[in-house]
Structures are given as structure tokens and as C-alpha cells.
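Working through the structure, step by step
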Amino acid sequence: MAMEVFQNTLQPMILLYMLLGVSAGICIGALPGLTATMGVALLLPLTFGMEAEAGILMLLGIYVGAIYGGSISAILLHTPGTPASAATAIDGYEFSKRGEAGRALGIATISSYIGGVVSVLCLWLISPQLAKLALEFSSAEFFLLALFGLCIISSISGSDMEKGLMCGLLGILIATIGIDSVTSYIRFSDNVNVLSGVQYIPIMIGLFAMSQAFESIETIFDKEEINCNVTRVIPSKADFITMFKTAPLTGLIGTFIGIVPGAGADIGSFVSYNAARSVSKHPEKFGTGVPEAVAASEGGNNGVTGGAMIPMLTLGVPGDAVAAIMIGALTIQGLTPGPMLFKNNEVLVYTIFFGMFIANTMMVFLGLSCLRLFTKVLSVPKPILVPIIFILCVIGSYAMRNNLFDVGVMLVAGIVGYFFTKLKVPTSPAILGLILGPLAEENFRTALLKSDGSLIVFFNTPICWFFLILIVLTLFGGKVKRLIKLQK
């Protein structure tokens with residue numbers, strides 16, 4: 001099997017696709033407002049005619065490149081290219097003000113690589129074991145897994161829990177449109193375009209890409225002064241020591257945050273930043289431009305990339321919005337994420353693992369050798385960039401089924417996403433609702449049919465109790481902590 005994996009991954013065309021994916025990802029990530037999710041969603045249609053290995057590895061290259069690319073504008077402009085680099089901007093920009101932008105970018109590049117490699121190792125070690133466990137799942141366990149994923153909405157909504165829950169409920173309701181998978185009853189609409197359900201890829205393109213394009217129109221003619229003066233990017237020996245102390249640990253933190261459905265690289269970055277500050281000998285210097293701060297945030301956010309793939313590949317539950325799009329990419333190729341993927345397509349799974357390692361390696365070489373070139377992307381005028389995004393959104397949503405109805409769905413989702421952004425309503429819960437809602441409903445009803453309507457089926461196995469405990473902790477853990485603090 002090892003030889004097949006090497007042969008699949010090291011094919012010249014696949015390496016070229018990955019190289020293009022990583023390069024495009026870095027450019028997308030470097031441009032403020034263009035997120036990793038948006039980049040993967042926009043370029044997903046390009047994989048329709050590709051082999052499964054080539055298409056999926058190109059998208060993973062975009063993912064890896066975009067998460068890293070956000071650090072470029074975060075350090076040079078104090079404007080995170082992606083939400084994942086928000087913590088990097090805190091200390092990274094301080095380097096730029098001292099004239100050490102190249103040093104900060106070098107630290108970010110190598111730390112991103114370290115965090116990414118740690119996450120790939122965890123992906124390789126954890127996923128096969130989790131997939132074996134998932135083969136023991138029945139309908140009851142899958143329902144509780146999906147319910148746990150939906151409960152995560154309460155924790156990823158931040159201070160706007162009500163808005164997050166509302167958005168998640170909206171996603172669940174949209175997912176119920178079409179033919180009922182259990183009874184074949186037509187629900188809500190007999191329109192032929194939605195009988196098989198509302199396609200979530202056009203919705204994701206609308207929520208994450210078109211909404212950003214609408215928002216960019218507001219500042220399309222604003223001029224920004226951009227300092228692209230980048231000198232030496234290879235860090236010093238002391239910086240290397242700092243990175244190798246910090247980035248592996250924060251990469252591990254990011255990986256486990258990535259495993260939690262819906263958490264995302266932005267949370268991984270901030271948690272890693274705070275963890276590094278809490279164990280630092282000089283925490284008061286964080287925020288003034290210290291190497292361990294940049295290394296921690298970049299190691300953490302790139303650690304999420306591999307972590308998010310673990311529940312997606314093994315259980316069919318997306319770790320973040322990009323992983324949700326990857327489910328669509330696998331589905332387009334006729335593959336279903338979950339434990340049977342490891343059983344029936346083992347070579348493909350390990351090709352993905354090895355491909356992610358190569359994508360991270362390409363990222364570090366491109367970052368160190370072509371960094372001055374990538375900074376030029378920041379100079380692309382918005383009047384040119386925004387129309388290109390509009391065109392790609394339309395093409396991407398149309399290409400999936402060659403159906404103009406999907407373009408309409410994308411536009412409506414883009415308008416909704418734009419207003420949600422203005423109202424500070426998180427959109428990730430809607431994607432969780434769209435993907436996990438049908439999984440929860442189908443398995444809930446199937447479990448009840450098998451048990452003649454008895455709810456005892458959801459308490460029968462240790463796996464069920466494990467998920468029930470996680471659900472209780474997710475829903476009430478924060479409230480219990482607050483009550484304890486108030487009593488003290």
C-alpha cells in the first residue's frame with residue numbers, strides 16, 4: 001500500500017495541482033477579506049473533472065496555503081488576511097513598525113510549517129483508530145454524534161449565542177426541504193430543483209464568498225498605503241530555538257481544537273496565543289512584538305488544518321467550514337466520508353495524509369523563496385479583484401449541476417450573509433445545521449424505528465453515554481463555571 005500512496009501522491013500532475021493550490025491559497029489568504037473557506041469554495045468547481053486524488057489534494061493545498069497566507073497582510077498591514085491570523089496581527093505588526101517585517105514573516109512561515117506537520121502526524125495516528133471505533137456506531141450513536149455537533153453551535157457563537165442558535169436553526173430548516181429520506185414524502189416544496197434537497201455548496205459560496213464581495217464594494221475605491229518592504233526572511237538561531245519550543249506545542253493545541261466541530265483556525269490561533277503567553281517567562285512583552293507570540297498563533301492556526309480533517313474523514317462531521325466543503329468535494333467524486341472510507345478507499349485516505357504533508361512542505365518553500373512576490377498581491381486594486389470574485393462565485397455555483405437555480409440560491413445566500421455580517425450574526429452555525437441536521441434527523445428516526453419507538457436505544461452503549469456526557473458538558477459546562485466563579 002505504501003508504494004501505491006507514494007506513486008499516487010508523487011505523480012507530476014498531482015504535484016503541479018498541489019503547487020498551484022498552495023500558491024493560489026497563499027495569494028487568497030494574503031488579500032484581506034478573502035478567507036480560506038472562500039478560496040476553497042470558489043475553486044471547488046475546478047475539481048469536477050479531476051481524479052479524486054488530484055482534486056482533493058489541490059483543495060487541501062489551497063486550505064494550507066490560505067491559512068498561512070493570512071499572516072502576510074496581518075504582519076505588513078495590521079489587517080488579518082483571514083480570521084485565522086487575527087492573533088498574528090497583534091505582535092506581527094509590531095515587527096513591521098520596527099522595520100523587521102521580514103523576520104516576522106520568516107517566523108510565521110516556519111512556525112506554520114511546524115504546526116501543519118504536527119497536525120498531519122496527529123491525523124495519521126488518530127484517524128485510523130477513530131475510524132475503527134466508528135465502525136461500531138449504530139443509528140443511535142450517529143444521532144448523538146450529530147446532536148453533539150449541533151450543540152457545538154452554542155460554544156462557537158461567542159457572546160451572540162442567541163444569534164448563533166438562530167442561524168443554526170435556519171440551516172437545519174433549509175436542510176429539511178425536499179423529499180424525506182425515510183418516508184419519501186415531499187416537504188415544503190415540490191419544485192424539481194429542491195426535491196433532492198437544497199445544495200449546500202452554492203449556499204457556502206454565497207455565505208462565505210459572495211457576501212465578502214458585497215462587503216468589499218463598500219470600500220472598493222478606498223486607497224490603502226501598503227508597505228511591502230521585506231528584507232531578510234530567514235530567522236536567526238535564537239528565533240529558531242524559540243519556534244521549536246513553541247510551535248510544536250501550539251500545533252498540538254490547534255490540532256485538538258480542529259477536531260472539535262465548528263471551532264475553526266481563528267479559535268485555534270487565539271487559544272494557542274493565550275497558552276503561550278500563560279507559560280511565557282515574560283508575558284508582559286506579548287503585544288510588543290516577540291517571536292514566541294507569532295510562532296504560537298501561526299503554529300496554532302495551521303495545526304487546525306489537520307485536526308479539522310480527522311472528524312470529517314472518520315465520522316463525516318466537519319471540523320470547520322473548509323472541512324464541510326471537503327465533504328462536498330468527496331461526495332462529487334462518489335465518496336462518502338466516514339469509517340467505510342477507510343475500509344473501501346484506504347489508499348486514497350493515506351494519499352490525503354501524505355499529500356497534506358507535501359502541501360505543508362511546498363508552503364514553507366514557497367513562503368521563504370517567493371515571499372516578496374506574494375506581498376505584491378496586496379497591491380491588486382479592488383476594482384479589478386471584486387468583479388473577478390463575482391464571476392467566480394457565479395461560475396462555481398452553476399458548474400456543480402449546470403443549473404441556474406443554484407446561482408439564484410448562491411445570490412440569496414450572499415445577500416443573507418452580507419446582512420448577517422452587518423448584524424454580527426455568525427454564519428458557521430448555518431453550515432453545521434445544513435450538514436448535521438439531516439444526519440441527526442435520519443439516524444434519530446431510524447433508531448426509533450429499529451427500537452419500536454423506545455428512547456432506551458439512546459442509552460444502551462458506552463459510546464452513547466460518552467456522547468451524552470459531552471452534550472451535557474457542552475451545553476451546561478460554561479454555566480457551571482460561571483456559577484462557581486460567582487460563589488467564590
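The rules behind the values
- Residues numbered from 1 in each chain as written.
- Predicted model: local features only at pLDDT ≥ 70, side-chain atom pairs only at ≥ 80, totals over all residues.
- Heavy atoms only, no water.
- Phe/Tyr/Trp six-rings, centres within 6.5 Å; stacked < 30°, edge-to-face > 60°.
- Buried < 20%, exposed > 50% of the residue type's maximum accessible area, 1.4 Å probe, protein only.
- Lys NZ or Arg CZ within 6 Å of the ring centre and 35° of its normal.
- Helix = DSSP H or I, 4+ residues; strand = E, 2+ residues; numbered from the N terminus.
- Salt bridge = Lys/Arg side-chain N within 4 Å of Asp/Glu carboxyl O.
- Contact = heavy atoms within 4.5 Å.
- Polar contact = N/O pair within 3.5 Å; in protein donor to acceptor, adjacent residues only side chain to side chain.

This part covers the packing of aromatic side chains. Here the structure, examined in full by the defined rule, presents 14 aromatic pairs. With 5.5 Å between their ring centres and 65° between their planes, Phe466 and Phe467 make a pair best called edge-to-face. Using a relative accessible area of 47% as the deciding quantity, one classes Phe466 as partly exposed. Chaining the aromatic ring pairs together yields one cluster made of Phe214, Phe390, Tyr418 and Phe419. Residue placement shows Arg98 over the ring face of Phe95; its charged tip is 4.7 Å from the ring centre.

Moving on to unusual backbone geometry. Even without being glycine, Asp452 reaches a positive phi, approximately 55°. Summarising the element assignment, Asp452 is placed in the loop between helix H20 (428–450) and helix H21 (462–487). We classify Asp452 as exposed; its relative accessible area is 74%.

Another point: the pattern of salt bridges. Following the criterion strictly, the structure yields six salt bridges and no others. Where Glu100 meets Arg98, a salt bridge forms, and the shortest distance between an N and an O atom there is 3.1 Å. Note that Arg445 and Glu441 form a salt bridge whose closest N and O atoms lie 3.1 Å from each other. Highlighted residues: Arg445 and Glu441, both in helix H20, separated by four residues, approximately one helical turn. For Glu441, a relative accessible area of 24% puts it in the partly exposed group. Sharing partners across several salt bridges, the network here consists of Arg98, Glu100, Arg103 and Asp239.

Structurally, the position occupied by Met309 is in helix H13 (residues 291–315). Sequence separation between Met309 and Ile259 is 50 residues, and the spatial gap between their C-alpha atoms is 7.5 Å. The contacts of Met309, once residues within four sequence positions are left out, are Leu60, Tyr63, Leu123, Ala323, Met326 and Met356.

Okay, the environment of Thr361 next. On the secondary structure map, Thr361 appears in helix H16 (residues 346–369). Residues Thr361 and Val22, spaced 339 residues apart in sequence, show a C-alpha to C-alpha distance of 10.0 Å. In terms of polar contacts, Thr361 uses its side chain to reach the backbone carbonyl oxygen of Phe357, at 2.9 Å.

So yeah, pure geometry; function would need other evidence.
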